[in-house]
Every structure is written in C-alpha cells, then in structure tokens.
Amino acid sequence: MFLMKYNYLLLVLFLFAGCNKSVPPLPSHAVDISWRYEQAAADFKLTEATGKERHLSDFRGKVVVLFFGYTHCPEVCPTTLADLAQAVRLMGKSADKVQVLFVTLDPERDTPEVLAKFVPFFNPSFIGLYGDAEATAQAAKVFAVSYQKHSEKTGYSLDHSDGTYLIGKNGKSVLLSPYGQKTEWLIEDIKLLLDKT
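What counts and how
Residues numbered from 1 in each chain as written. Predicted model: local features only at pLDDT ≥ 70, side-chain atom pairs only at ≥ 80, totals over all residues. Heavy atoms only, no water. Helix = DSSP H or I, 4+ residues; strand = E, 2+ residues; numbered from the N terminus. Contact = heavy atoms within 4.5 Å. Areas by Shrake-Rupley, 256 points an atom, 1.4 Å probe, with all protein chains shown as cover. Core = buried A, V, L, I, M, F, W, Y, C linked by side-chain atoms within 4.5 Å. Buried < 20%, exposed > 50% of the residue type's maximum accessible area, 1.4 Å probe, protein only. Axes fitted to C-alpha atoms, helices over the stretch in contact; angles between N-to-C directions. Parallel < 35°, antiparallel > 145°, perpendicular 65-115°, else oblique. Left-handed = near helix turned anticlockwise from the far one by under 90°. Nonpolar A, V, L, I, M, F, W, Y, C, P; charged D, E, K, R; others polar. Arc of directions from axis to C-beta. Salt bridge = Lys/Arg side-chain N within 4 Å of Asp/Glu carboxyl O.

A count of helices and strands for the protein gives five helices and 10 strands. By sequence separation, contacts in the protein at least 24 residues apart represent 71% of the contacts at least 6 residues apart. Of the roughly 10100 Å² of accessible surface on the protein, a fraction of 56% belongs to carbon and sulfur atoms.

Now the structure itself:
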C-alpha cells in the first residue's frame, strides 16, 4: 500500500512540474494527464478472455475506464471494481457510452478462464484483458503503471499502482483518479469526458 501511495505522490509531483503545457487542464476532480498524450492517443494490444485481440483504440467513441490489477489482490482491486460497478449502475443509460477495462498485471495466474469469471462478476459489461509478460509491461508503460512481484510463503503478491484511468472518446483526454475516489466525483469526471468532443 505504501508503494502505491508513494507512486501516486511522485506522479502528482511530476504532473505539477509539467503544468506549463499549452493545453489547459480539464476542470475535473481527478488529475488531468492529457498533456502526455497530445502527440498520440494512448493505446495497447492485449487479449480478451474470449481470445479476441483488443486494442484500446477499439473503444474510440466511448469513455474508457481503465484499471490495472490482478485477481488475487486482497483489497484494492476488488474494491475498485466494486466502486466502478456502483458508478456504472448509477449512471443509468449513459453507462452504455462507457467501457470498463481491467488489465491483469499477473498473467501467470490470471488465465482467460479466471478473468472470464472474475471481471464480469462485478458487472457483465466489464472486460478483462491479459497479455504475455512483454505485452503487459508495454501496456503498463503507456500509463506509467508500476508493479513488482513479492515472494511469500504461499506464493507471491504484487505491489502495483492503484489509480484508475478515465480516457476520453478520442483517446487523448486522460484523467487519473486516485484509489477510493468518491463515487459521485468519479461519475462527474466520466460525464465531463462524455460531454467533451
């Protein structure tokens, strides 16, 4: 947990160092990191639990809510997915324009079968994605997600960044929402991106 909070603090400090960018930040509750994607929209290539290859760009036209984690996560991941499920439920029909994606940082244990059961449990519309170690690392790098494996007596755990990325319909507007963000604030930020052309 300390690593996650420390990483988030470092990211916020880094973002403030880049506040002299030409594009004004969005009036959001989450941190606007859109300036990182001015030249090219964020993207990656991973695989859905069904075996279908997916790019982030496949979801252009929708607001993508992106979270990196793993199914054996004891607290942060299930809590975040439950919070996102509540937000989507409260959005009503507007939720049809939103796609939640869960990217596993633990493809060794998070097989397609595991993801197919775990992710839709929170909401049937949620999609779980995986890749090999290289594809996972590349996807994480796009969003500056950090993760590290720690050996334990019963196997291993992962320390990882705990922010949720809200990605606009064009793929270039990106907000970073901290762990535990108020549901109403999360909804307001998603709607802000839905209204942005």
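Moving on from the model shown.
Glancing now at the nonpolar core. As a rule of thumb, nonpolar side chains are buried together in soluble globular proteins. Membership of the largest hydrophobic core comes to 57 residues, with the highest contact counts inside it found for Phe44, Leu66, Phe143 and Tyr165. Considering each element in turn, this core owes the most residues, seven residues, to helix H2 (residues 76-90).

With that settled, the discussion passes to the packing of H2 against helix H5 (residues 183-195). Contact geometry of H2 with H5 gives a least axis separation of 10 Å together with a crossing angle of 60 degrees. One element, H2, and the other, H5, form an angle in the oblique class. Every pair of crossing elements has a handedness; the one defined by H2 and H5 is right-handed. Counted together, Leu84, Gln86, Ala87 and Leu90 of H2 and Thr183, Leu186 and Ile187 of H5 form the full contact between these two elements. Tallied by class, the residues present in the contact of H2 with H5 amount to five nonpolar, two polar and no charged.

Let's shift gears to unusual backbone geometry. Notably, Ala144 is not glycine yet its phi reads approximately 55 degrees, a positive angle. Judged by relative accessible area, Ala144 falls into the partly exposed class, the value being 41%.

Buried within helix H4 (residues 133-142) we find Ala135, Thr136, Ala139 and Ala140. For H4, the arc enclosing every buried residue in end-on projection is 135 degrees, short of the 170-degree limit, so these residues lie on one face. The outward face of H4, more than 90 degrees from its buried face, is lined by the exposed residues Ala133, Glu134 and Lys141. Each element contacted by the buried residues of H4 is listed here: strand S2 (45-48), strand S4 (63-69), strand S5 (98-104) and strand S7 (147-152).

Here we take up the pattern of salt bridges. Applying the stated criterion across every chain yields a total of four salt bridges. Ionic pairing is found between Arg54 and Glu48, a salt bridge with its closest N-O pair at 2.8 Å. For Arg54, a relative accessible area of 15% puts it in the buried group. On the accessibility criterion, Glu48 (14% relative accessible area) is buried. Between Lys149 and Glu108 there is a salt bridge; the shortest N-O distance is 3.2 Å. With a gap of 41 residues between them, Lys149 in strand S7 and Glu108 in the loop between S5 and helix H3 (112-122) connect regions that are remote in the sequence. In this structure Glu108 comes out as exposed when scored by relative accessible area, which is 57%. Through salt bridges that share partners, Glu48, Arg54 and Asp58 make up one connected network.

Honestly, it's all geometry; don't read function into it.
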